[in-house]
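Examining the three-dimensional arrangement
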Amino acid sequence: VGINDIYEFKDMLQLLKYDSVYGAFEKDATLIDDKLVVDKKEIRLYNHKNPSDLKLDGVDVLLQCSGVF
């Protein structure tokens, strides 16, 4: 599992925790290096503006939701 976004990792965490119409995120979420850890589950974070820079070996499903491509 991975997330690619143009934001810095610390900003991704901040948005996850507090930027929602549903209120603050209720689960434990932290950063460890390039991983977002939510309830002890690690999600690899990437910061590539161009998705073709991602190494996608073994990826079964990819959602590109920015509308740019």
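These notes cover the structure that comes with them. (Residues numbered from 1 in each chain as written. Predicted model: local features only at pLDDT ≥ 70, side-chain atom pairs only at ≥ 80, totals over all residues. Heavy atoms only, no water.)

1. Here we look at the layout of surface pockets
As a reminder of what qualifies: Of the two site types, the cavity is a set of points on a 1 Å grid over the protein atoms alone where a 1.4 Å probe fits but cannot get out, and the pocket is an open set with protein on both sides within 12 Å along at least five of seven lines, each lined by residues with an atom within 4 Å of a point. Grid points are joined across faces, edges and corners, and a volume is the space filled by probe spheres set on the points. Helix and strand assignments come from DSSP, with helices taken as H or I runs of at least 4 residues and strands as E runs of at least 2, each series counted from the N terminus. Classes in brief: Ala, Val, Leu, Ile, Met, Phe, Trp, Tyr, Cys and Pro nonpolar; Asp, Glu, Lys and Arg charged; the others, Gly included, polar.
Here the largest pocket defines a volume of roughly 630 Å³. Along its surface, the largest pocket is lined by 23 residues, and Ile3, Asn4, Leu54, Leu62 and Leu63 are the ones closest to its centre. Sort the elements by how many residues they give to the lining of the largest pocket and strand S1 (residues 2-4) lands first, with three residues. In terms of residue class, the lining of the largest pocket is built from 14 nonpolar, five polar and four charged.

2. Quick word on the pattern of salt bridges
Applicable threshold: We count a salt bridge whenever a side-chain nitrogen from Lys or Arg sits within 4 Å of a carboxyl oxygen from Asp or Glu. Residue burial is assigned from relative accessible area. The probe radius is 1.4 Å, only protein chains are included, and a residue is buried under 20% of its type maximum, exposed over 50%, and partly exposed in between.
Per the counting criterion, the structure on display carries four salt bridges. One salt bridge connects Lys10 with Asp11, and the closest N-O pair in it is separated by 3.3 Å. Residue classification places Lys10 among the exposed residues on the basis of a relative accessible area of 58%. What makes Asp11 partly exposed here is its relative accessible area of 29%. A salt bridge links Asp34 to Lys35; its shortest N-O distance comes to 3.5 Å. Lys35 sits in the partly exposed class, given a relative accessible area of 29%. Ionic contacts of the salt-bridge type, sharing partners, join the residues Asp34, Lys35 and Arg44 into one network.

3. Here's the deal with the pairing of strand S2 (residues 29-32)
Side chains on a regular strand alternate between the two faces of the sheet. Note the following rule: Whether two strands pair depends on DSSP finding at least two bridges between them.
As judged from the four bridges shared by S2 and strand S3 (residues 35-38), these two strands associate in the antiparallel manner. The residue of S3 that forms the bridge with Thr30 is Val37. Counted along the chain from S2 to the antiparallel partner S3, the turn is two residues long, and its residue Asp33 has a positive phi close to 55°.

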